[in-house]
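Breakdown of the fold
Read off the chains here:
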Amino acid sequence: MRNPILACVIKQYGTGLYRTCVSFDKGHAAFLSAHPDEESATETINRFQEACRDGTIKTAEDVTSFADSLVIKGDADHSLFSNESELSLAA
């Protein structure tokens, strides 16, 4: 059975930023971008979910390509995706 792909927007208190976060497997997550508003962060997640549905994103490597293809809108920062942004989550 394939692991579900999780995608969410996380509000980072103290900074006012909204971060987009995705996970392909248990225990690991990656941040795609940071946004000054929830609406643009949600738009990024919607685009991510659409790419998963249409088969563009099937593997963790595809997430890197997706993140690289994001067009910066306003003050959004899409340069945050990297192996260094990968987090271990509690099981």
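Residues numbered from 1 in each chain as written. Predicted model: local features only at pLDDT ≥ 70, side-chain atom pairs only at ≥ 80, totals over all residues. Heavy atoms only, no water.

A closer look at the pairing of strand β2 (residues 17-25)
As paired elements, strand β1 (residues 6-12) and β2 share seven bridges and run antiparallel to each other. Looking across to β2, one finds that Val 9 is bridged to Thr 20. In this structure, β2 lies alongside strand β3 (residues 28-35), joined through six bridges in antiparallel fashion. Within β3, the position partnered with Thr 20 by the bridge is Ser 33. Where β2 hands over to β3, the hairpin turn is made up of two residues, of which Gly 27 adopts a positive phi near 85°. (Pairing = 2+ DSSP bridges. Helix = DSSP H or I, 4+ residues; strand = E, 2+ residues; numbered from the N terminus.)

Things to note about the packing of helix α1 (residues 38-53) against helix α2 (residues 60-69)
At a minimum axis distance of 11 Å, the contact between α1 and α2 shows a crossing angle of 135°. One way to sum up the angle between α1 and α2 is to call them oblique. Here the hand of the crossing between α1 and α2 comes out right-handed. Residues Thr 44, Arg 47, Phe 48 and Ala 51 of α1 pack against Val 63, Phe 66 and Ser 69 of α2. Classifying every residue of the contact of α1 with α2 by side-chain character gives four nonpolar, two polar and one charged. (Axes fitted to C-alpha atoms, helices over the stretch in contact; angles between N-to-C directions. Parallel < 35°, antiparallel > 145°, perpendicular 65-115°, else oblique. Left-handed = near helix turned anticlockwise from the far one by under 90°. Contact = heavy atoms within 4.5 Å. Nonpolar A, V, L, I, M, F, W, Y, C, P; charged D, E, K, R; others polar.)

Some thoughts on the confidence of the model for the chain
Mean pLDDT for the chain: 77, with 74% of residues reaching 70 or above. When mean pLDDT is taken per element in the chain, α1 scores highest with 92 and strand β4 (residues 87-88) scores lowest with 36. Contacts from residues 80-91, a stretch scored under 50 in pLDDT, to residues over four places away or in other chains number 26 contacts. (pLDDT = per-residue confidence, 0-100.)

So, the nonpolar core
Core analysis: the largest hydrophobic core is formed by 11 residues, namely Val 22, Phe 24, Leu 32, Ile 45, Phe 48, Ala 51, Ile 57, Val 63, Phe 66, Ala 67 and Leu 70. Those elements that place two or more of their residues in this core are β2, α1 and α2. (Core = buried A, V, L, I, M, F, W, Y, C linked by side-chain atoms within 4.5 Å. Buried < 20%, exposed > 50% of the residue type's maximum accessible area, 1.4 Å probe, protein only.)

Examining the packing of aromatic side chains
Under the defined criterion, the tally for this structure stands at one aromatic pair. Both rings, one in Phe 48 and one in Phe 66, keep their centres 5.5 Å apart while their planes meet at 75°; by these two values the pair is edge-to-face. Here Phe 66 lies in helix α2 and Phe 48 lies in helix α1, a separation of 18 residues in the sequence. What makes Phe 66 buried here is its relative accessible area of 8%. (Phe/Tyr/Trp six-rings, centres within 6.5 Å; stacked < 30°, edge-to-face > 60°.)

A short note on α2
Listing the buried residues of α2 in full gives Val 63, Phe 66 and Ala 67. Down the axis of α2, the sector holding all buried residues measures 95°, keeping them to one side. Turned more than 90 degrees off the buried face of α2, the exposed positions are Glu 61 and Asp 68. Structurally, α2 contributes buried residues whose contacts are with β2, β3 and α1. (Arc of directions from axis to C-beta.)

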